[in-house]
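# Commentary on secondary and tertiary structure
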Amino acid sequence: MANLIDGKKVSADVKQRVKNETEKLIAEKGITPGLAVVIVGDDPASRVYVNSKKKACTEVGFNSYEYALPGDTTQEELVELVNKLNEDPKVNGILCQLPLPSQIDENAVINTIKAEKDVDAFHPFNVGKIMIGEYAFLPCTPAGVMELIDSTGTEISGKNCVVIGRSNIVGKPMAMLLLHRSGTVTICHSKTQNLGEICKNADILVAAVGKANFVTEDMVKEGAVVIDVGMNRLENGKLCGDVDFQNVSRKASYITPVPGGVGPMTIAMLMQNTLTAAKAQNGLI
Ligand code: NAP
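This write-up is about the structure you can find in this document. (Residues numbered from 1 in each chain as written. Predicted model: local features only at pLDDT ≥ 70, side-chain atom pairs only at ≥ 80, totals over all residues. Heavy atoms only, no water.)

Let's shift gears to helix α2 (residues 44-60). The terminal C-alpha atoms of α2 lie 25 Å apart, and with 17 residues this matches the ideal 24 Å at 1.5 Å per residue to within 8%. Here α2 has its buried residues at S46, V50, K53, A56, C57 and V60. Around the axis of α2, the buried residues are gathered within 120° of arc, so they sit on the same side. Residues P44, V48, K55 and T58 are exposed on α2 and point more than 90 degrees away from its buried face. On the buried face of α2, the contacting elements are α1 (7-29), β2 (34-40), β3 (63-69), β4 (93-96) and α10 (262-281). (Helix = DSSP H or I, 4+ residues; strand = E, 2+ residues; numbered from the N terminus. Expected span 1.5 Å × (residues − 1). Buried < 20%, exposed > 50% of the residue type's maximum accessible area, 1.4 Å probe, protein only. Arc of directions from axis to C-beta. Contact = heavy atoms within 4.5 Å.)

It is worth spelling out the environment of Q16 at this point. Relative to the helices and strands, Q16 resides in helix α1. Separated by 252 residues in the primary sequence, Q16 and A268 have C-alpha atoms spaced 9.4 Å apart.

What follows covers the packing of helix α6 (residues 140-151) against α10. Closest axis-to-axis distance for the α6/α10 pair is 8 Å, and the angle between their directions is 110°. As summarised for this structure, α6 and α10 are arranged roughly perpendicular, according to the angle between their axes. Across the interface between the two elements, C140, T141, A143, G144, V145, E147 and L148 from α6 touch V262, M265, T266, M269, L270 and N273 from α10. Looking at the contact of α6 with α10, its residues break down into eight nonpolar, four polar and one charged. (Axes fitted to C-alpha atoms, helices over the stretch in contact; angles between N-to-C directions. Parallel < 35°, antiparallel > 145°, perpendicular 65-115°, else oblique. Nonpolar A, V, L, I, M, F, W, Y, C, P; charged D, E, K, R; others polar.)

Moving on, we get to unusual backbone geometry. Backbone torsion omega between L98 and P99 reads 0°, so that peptide bond is classified as cis. As for its placement among the helices and strands, P99 is situated in the loop between β4 and α4 (106-112). Of note, the bond from V258 into P259 is cis; its omega dihedral lies within 30 degrees of zero at 0°. Tracing the backbone through its elements, the reader meets P259 in the loop between β11 (254-255) and α10. Even without being glycine, A121 reaches a positive phi, approximately 60°. In this structure, A121 sits in the loop between α4 and α5 (124-132). Of note, the phi angle at N213 is positive, near 55°, even though the residue is not glycine. Topologically, N213 is positioned in the loop between β7 (204-207) and β8 (225-228). Judged by relative accessible area, N213 falls into the partly exposed class, the value being 42%.

Take a look at the structure:
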């Protein structure tokens, strides 16, 4: 039976680390990190995420600034707000909650955020930095996955790592972070052939597909570390991941649950990035 990787505990440890450093930053330099969170429209899921991010800011001692804009906001209006936040010294990190309404080009907005305030690490400049391994900001979800793997004491170097999913937000940066740690990385996607066979070779398997129970027991190597990024809502309203948890946990050595695995890590890493941004903008790193 697999050991459970407790994302709540690991994320609490990350937030505690950020909180301690923030207290020091405030006491010694008089600097309180600030995160601006922009939400457009009234998507209930986005509202839940924004509230969690604001709550985490309070927990670690940051200032948070919410900008809730109506659903019919134009791209020009949003870009104007981002430009204002770019110039605001109280704001160290800017986050535009995705998805944005269809009249707004998400890339245009992301590209407007100053790279040094792009705490989601979605700006092409930061994406490029991730590619060459010289990053200030790590993309939050993959960075959280790395913390979870490290919490198990698993050595990544030389291991077969398989990432299912190639999105810009999860799959691709995930693969890069594993590669930077000298994993032998395979990225799979919807056109991959013999997916099960490839997954079965994985010492570390990361699923970021968005399909409930996609990863079954027969796709998993005995003793593998299995990380489930998926967040899927079942018909009964229950949240579940991409991995058939019950059966796969009989084979894996470590496994993340959903909820309580990767989910809490994403916000903790956002706090970490905002602290890094505050320090960098004040010449402290
Ligand atoms: P996405 O943009 O929809 O990407 C899904 C990926 O899965 C795509 O690359 C797709 O391949 C691949 N895929 C789909 N069907 C497949 C199949 N049959 N075989 C192999 N690959 C297949 O999703 P995402 O944004 O990366 O998110 C993935 C999941 O993670 C979602 O459930 C999302 O809710 C969750 N998520 C969780 C967190 C968190 O904080 N826990 C954060 C972000 C996302 P193609 O490229 O070929 O289409």
